Amino acid sequence: MENRNKKWRSTKEEQEAYQKTVDETFELSDNAIKEIFENYKTDIDTIIDYYKFASKFFYLSPKNIAMVKKQMPDATYVQYSSQWKKLNAYPKKGTHGIKIIAHQKFKHIIVDKETVLEHQNLSEEQEELLRPSDAKYVSIKYYDASEEIRKIAYERKLKTVEKEGFGKGFVFDVSQTTYPEENDLTPFLNGIPDEASYFIYKAISSFMNEKTSFPVKEVKFDSIMVRGYFSKETNTICINDFLNDKDKNYVLLHEIGHALAHPENELNNKIENPSISIQKELEKDILSIMSLSMFGLELSNTVKEHFKDDFNNYVNNLENMQIEPNNISHILQKMSINVMKKFNANAKELNDYLYEFDLNKEQDISLEKDVSEEVTLEENKLDEETEEANEIQMGF
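The structure presented is a predicted model; accordingly, all values stated were derived computationally and were not measured. (Residues numbered from 1 in each chain as written. Predicted model: local features only at pLDDT ≥ 70, side-chain atom pairs only at ≥ 80, totals over all residues. Heavy atoms only, no water.)

Peer 1: Before we go on, may I ask you to explain the overall build of the protein in this structure?
Peer 2: On a plain count of helices and strands, the protein comes out with 15 helices and 7 strands. The buried share among the 396 residues of the protein stands at 40%. Accessible area for the protein stands at about 24500 Å²; split by element, carbon and sulfur atoms hold 48% of it. (Helix = DSSP H or I, 4+ residues; strand = E, 2+ residues; numbered from the N terminus. Buried < 20%, exposed > 50% of the residue type's maximum accessible area, 1.4 Å probe, protein only. Areas by Shrake-Rupley, 256 points an atom, 1.4 Å probe, with all protein chains shown as cover.)

Written out as structure tokens, the structure is:
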């Protein structure tokens, strides 16, 4: 009976083995994103692919996205097993989770300094740091506490607190689970369906008008060659109203990237520092690539080449500043992470908005679309009749 009630305690060897796997996960995190940018001079396409891949996982950190891409390049939608369980889905037998850095809470014991020095297994560096310090108490992670410290904590009823931190976690892609294939979690994986183009365009425009400071406006341009642009003077995304719905979505998402590239207070301020200006141009390209890829739209050659030109200009500028290649790679990582965090915040809000977009609005938009098409047909019919009348009058 006594053994049955005894709590299981991990051995020192087990703790060390676990800590080794945690350290390996953090190392994988660092290496995964490092590998993407280390060949920046010769392999820009790998960097573009990373941005495209990342657009689908705006709910993950940039480093975790790199980890997922390295372990499962074909992943489309990942969650923890506990999240899949809420959808009545479970990891398939024999599947292995994708390692990521997970946000966790750790139990800590607050112990007086002398007890720690006497009973905790400290390294020489830890002891040299703690012994001369003025600290009266030490916070020790419960998992790392020695058996003696745990026993003392129980007997003296020492204070314990939960602290947030990071550790090893696992996620599973939808393809690794029993989630029904017919219940599509990635509706835009292969682009926006033609029948949904009009509704999606109206929904995204509505989001920009209601939730951001960058309204969308349709404009009659003199030329069809001008598809759209972002006006810094008015903070407005202008779309050529002559475009079809599919093209309007493409231009809108491309220009959203440009709009989100700068904070509002920077938009009307002239950037005089050439280095900052070059970086801002590259940030606009990254956000545009991710905005388009989020909805599964193929990047045009023009978009890719524009990115490569701005990317090379940015790298050349860093090289002219005598920055070492390893440091340039690190700068590219850091810049990309900051841009991706900005994208993730806006993408999550947009995604939530699309799911909550009122069904009545969808019905109204569908009706508006039908009426618009009817008017267009009537106008075309009238134009044909007028043209035919003119032909008769002119003797053709």
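Here the narrative resumes, following the displayed structure.
Peer 1: Would you take a moment to explain the pairing of strand β4 (residues 160–173) for this structure?
Peer 2: On any regular strand, side chains alternate: one points to one face of the sheet, the next to the other face. With 2 bridges joining them, strand β1 (residues 78–79) and β4 adopt antiparallel strand pairing. Within the sheet, the bridge partner assigned to Val78 lies in β4 and is Asp173. Of the strand pairs in this sheet, strand β2 (residues 98–112) and β4 are connected by 12 bridges, and their pairing is antiparallel. Counterpart to Lys105 in the pairing with β4 is Glu164. (Pairing = 2+ DSSP bridges.)

Peer 1: What exactly am I supposed to notice about the packing of helix α3 (residues 44–54) against helix α12 (residues 274–294) here?
Peer 2: Any two packed helices are characterised by how steeply their axes cross, that is the angle between the axes, and by the distance between the axes. Two elements in contact, α3 and α12, have axes whose closest approach is 8 Å; the angle formed by their N-to-C orientations is 50°. Taken together, the axes of α3 and α12 are oblique relative to one another. Crossing geometry of α3 relative to α12 is assigned as right-handed. Residues Tyr51, Lys52 and Ala54 of α3 pack against Ile286, Ile289, Met290 and Ser293 of α12. Of the residues in the contact of α3 with α12, the class split is 5 nonpolar, 1 polar and 1 charged. (Axes fitted to C-alpha atoms, helices over the stretch in contact; angles between N-to-C directions. Parallel < 35°, antiparallel > 145°, perpendicular 65-115°, else oblique. Left-handed = near helix turned anticlockwise from the far one by under 90°. Contact = heavy atoms within 4.5 Å. Nonpolar A, V, L, I, M, F, W, Y, C, P; charged D, E, K, R; others polar.)

Peer 1: Help me understand the packing of α12 against helix α13 (residues 301–320) in this model?
Peer 2: The N-to-C vectors of α12 and α13 enclose an angle of 150°; their axes lie 9 Å apart at closest approach. Considered as vectors, α12 and α13 are oriented roughly antiparallel to each other. Crossing of α12 over α13 shows left-handed handedness. Within the contact between the two elements, α12 uses Ser275, Ile278, Gln279, Glu281, Leu282, Asp285, Ile286 and Ile289 and α13 uses Val303, His306, Phe307, Asp310, Phe311, Asn313, Tyr314 and Asn317. Looking at side-chain class alone, the contact of α12 with α13 contains 8 nonpolar, 5 polar and 3 charged residues.

Peer 1: Please explain the nonpolar core as it appears in this structure.
Peer 2: One finds Tyr51, Ile204, Phe295 and Phe307 to be the most contacted residues of the largest nonpolar core, which totals 78 residues. Residue contacts for Ile204: discarding those within four places in its chain leaves Asn249, Leu252, Leu253, Ile256, Phe295, Leu350 and Leu354. By size, the runner-up hydrophobic cluster in this structure holds 10 residues, among which are Val116, Leu117, Leu130 and Ile140. (Core = buried A, V, L, I, M, F, W, Y, C linked by side-chain atoms within 4.5 Å.)

Peer 1: Which parts of the structure should I look at to understand empty space enclosed by the protein?
Peer 2: Gaps left between atoms show up when a probe the size of a water molecule is rolled over them. Under the counting rule described, the total for this entry stands at 2 cavities of 30 Å³ or more. Quantified by volume, the largest cavity comes out at close to 110 Å³. Together, Phe207, Met208, Thr212, Leu253, Ile256, Leu260, Ser291, Met294, Phe343, Asn346, Ala347 and Leu350 line the largest cavity. Broken down by secondary-structure element, the contributors of at least two residues to the lining of the largest cavity are α9 (197–211), α10 (245–260), α12 and α14 (325–356). Here the lining of the largest cavity takes 4 residues from α14, the largest share from any one element. For the lining of the largest cavity, a count of residues per class yields 9 nonpolar, 3 polar and no charged. For the second largest cavity, the calculated volume is near 30 Å³. (1 Å grid on protein atoms, 1.4 Å probe; cavity = no way out; pocket = protein on both sides within 12 Å on 5 of 7 lines; lining within 4 Å. Points joined across faces, edges and corners; volume = space filled by probe spheres on them.)

Peer 1: What is the right way to look at the sheet that holds strand β6 (residues 228–231) in this model?
Peer 2: The strands that make up a sheet pair up through hydrogen bonds in the backbone, lying either parallel or antiparallel. Taken in spatial order, the 3 strands make up an open sheet running β5-β7-β6, and their pairing is mixed. In this open sheet, the two edge strands, each paired with only one partner strand, are β5 (216–219) and β6. Here the strands of the sheet are splayed against their neighbours by 25° on average, with no regard to which way each runs. On the sheet, α9 packs against β5 and β7 (236–240) and is oriented at approximately 125° with respect to β5.

Peer 1: Honestly, the sheet that holds strand β3 (residues 137–141) in this entry has me stumped. Any pointers?
Peer 2: An order of β1-β4-β2-β3 is seen for the 4 strands of this open sheet, with the pairing classed as antiparallel. This sheet does not close on itself; its edge strands, each paired only once, are β1 and β3. Packed onto the sheet, helix α4 (residues 62–71) meets β1 and β2 and runs at close to 130° relative to β2.

Peer 1: What is the right way to read the packing of aromatic side chains from this model?
Peer 2: For any two aromatic rings, the description comes down to two numbers: the centre-to-centre distance and the angle of the planes. Scanning all chains against the criterion turns up 14 aromatic pairs. When the centroid spacing of 5.8 Å and the interplanar angle of 85° are considered together, the rings of Phe58 and Tyr59 count as edge-to-face. With a relative accessible area of 33%, Tyr59 lands in the partly exposed category. Of the aromatic side chains, those joined through ring pairs into one cluster are Phe53, Phe57, Phe58, Tyr59, Tyr77, Trp84 and Tyr179. The side chain of Lys69 reaches across the aromatic face of Phe53, ending 6.0 Å from its centre. We note Arg150 situated over the ring of Tyr142; from NZ or CZ to the ring centre the distance is 4.8 Å. (Phe/Tyr/Trp six-rings, centres within 6.5 Å; stacked < 30°, edge-to-face > 60°. Lys NZ or Arg CZ within 6 Å of the ring centre and 35° of its normal.)

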